[in-house]
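# Architecture at a glance
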Amino acid sequence: RVAIAPFEPLGGLPLFTPRAFIRTPRGVIEIHLNIVEAPASCAAFAWLARRGFYDGVAVDAIIPGVAAWSGSPRGDASSGPGFALRSELGERSFGRGAVGLVRTAGGRDTEGSRFVITLAPAPELDGAATLLGWVASGLDVVARLRPGDIIERVEIWDGR
């Protein structure tokens, strides 16, 4: 019964959304993580970030005004962390500022570390990528990114 009970926050405790801060030479991108619809993907992203996986990784693709991709350690859009995640496809659409884990060429259940940040609605990602979160601030930073820009560091804040 407890597992299916509606969520009731404990009194006096603040509610929060875990966040990721992607530090680049062009500024900081703050992402609110989608732990409700993509808990395993968010946990894996945070685990990789805390271990420095994304530090020094390049932005590997840009479509100006549309999206930016990164998270591939070799910058080849196919390398990853050495494991694959199950797809956590939700009902929400990929609007402007959405952050998604994208699949490798293998198809469904092949997400790893590569992510996309949208600058325009991307309905082609609906049902094809895991919605990892949304940009809370720094969408202008995403718009200024160029291929080859380096992610300096990804920091995770989870309320502690």
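Rules used in this analysis
- Residues numbered from 1 in each chain as written.
- Predicted model: local features only at pLDDT ≥ 70, side-chain atom pairs only at ≥ 80, totals over all residues.
- Heavy atoms only, no water.
- Helix = DSSP H or I, 4+ residues; strand = E, 2+ residues; numbered from the N terminus.
- Buried < 20%, exposed > 50% of the residue type's maximum accessible area, 1.4 Å probe, protein only.
- Contact = heavy atoms within 4.5 Å.
- Areas by Shrake-Rupley, 256 points an atom, 1.4 Å probe, with all protein chains shown as cover.
- Polar contact = N/O pair within 3.5 Å; in protein donor to acceptor, adjacent residues only side chain to side chain.
- Phe/Tyr/Trp six-rings, centres within 6.5 Å; stacked < 30°, edge-to-face > 60°.
- Pairing = 2+ DSSP bridges.
- Axes fitted to C-alpha atoms, helices over the stretch in contact; angles between N-to-C directions.
- Salt bridge = Lys/Arg side-chain N within 4 Å of Asp/Glu carboxyl O.

### Some remarks on the overall build of the chain
Within the chain one finds two helices and eight strands. Beginning at the N terminus, the succession of helices and strands in the chain can be written as β-β-α-β-β-β-β-β-α-β. Counting every position in the chain, which comprises 160 residues, the buried fraction comes to 42%. Relative to all contacts within the chain whose residues are 6 or more apart in sequence, the contacts with residues 24 or more apart total 70%. Accessible surface for the chain amounts to roughly 8500 Å². Of this, 56% is attributable to carbon and sulfur atoms.

### A few points about the environment of Arg-114
Position of Arg-114 among the secondary structure elements: in the loop between strand E5 (98–101) and strand E6 (115–118). By relative accessible area, Arg-114 is classed as buried at 14%. In sequence terms Arg-114 and Ser-72 are 42 residues apart; their C-alpha atoms lie 5.3 Å from each other. Of note is the side chain of Arg-114, whose polar atom sits 2.7 Å from the side chain of Asp-60.

### A short note on the packing of aromatic side chains
Applying the stated rule across the entire model yields four aromatic pairs. Between Phe-45 and Tyr-54 the ring centres are 5.0 Å apart and the planes differ by 40°, which places this aromatic pair in the tilted class. Residue Tyr-54 is classed as buried on the basis of its relative accessible area, which comes to 1%. Ring centres 5.3 Å apart and planes at 85° place the aromatic pair Phe-53 and Tyr-54 in the edge-to-face group. Aromatic rings pair up to connect Phe-45, Phe-53, Tyr-54 and Phe-115 into one cluster.

### A few points about the pairing of E6
It is a general feature of regular strands that their side chains alternate between the two faces of the sheet. Going residue by residue along E6, you find Phe-115 and Ile-117 tucked away on one face and Val-116 and Thr-118 tucked away on the opposite face as well. Pairing of strand E4 (residues 67–70) with E6, which is carried by four bridges, proceeds in the antiparallel orientation. Looking at the pairing, Trp-69 lines up with Val-116 of E6. Relative to E6, E5 runs antiparallel, the two being bridged by three bridges. Note on E6: the bridge partner recorded for Val-99 is Ile-117.

### Observations regarding the side chain of Glu-30
Within the element layout of this structure, Glu-30 appears in strand E2 (residues 27–33). By relative accessible area, Glu-30 is classed as buried at 15%. Among all residues touching Glu-30, those that are not within four sequence positions of it are Arg-19, Ala-20, Phe-21, Trp-134, Val-135, Ala-136 and Ser-137.

### Observations concerning the sheet that holds E4
Read across the open sheet, the eight strands follow the order E3-E4-E6-E5-E7-E2-E1-E8; overall the sheet is antiparallel. One side of each edge strand has no neighbouring strand; the edge strands of this open sheet are strand E3 (59–63) and strand E8 (153–157). Each strand axis lies, on average, 25° off the axis of its neighbour in the sheet, ignoring direction. Pairing geometry for E3 and E4, over four bridges, is antiparallel.

### Re the pattern of salt bridges
If charged atoms from side chains of opposite charge come close, those side chains can pair. Following the criterion strictly, the structure yields ten salt bridges and no others. A salt bridge links Arg-26 to Asp-149; the nearest nitrogen and oxygen atoms lie 2.4 Å apart. On the criterion of sequence distance, the pair formed by Arg-26 in the loop between strand E1 (19–24) and E2 and Asp-149 in the loop between helix H2 (139–144) and E8 is long-range, its members being 123 residues apart. A relative accessible area of 12% means that Asp-149 is categorised as buried.

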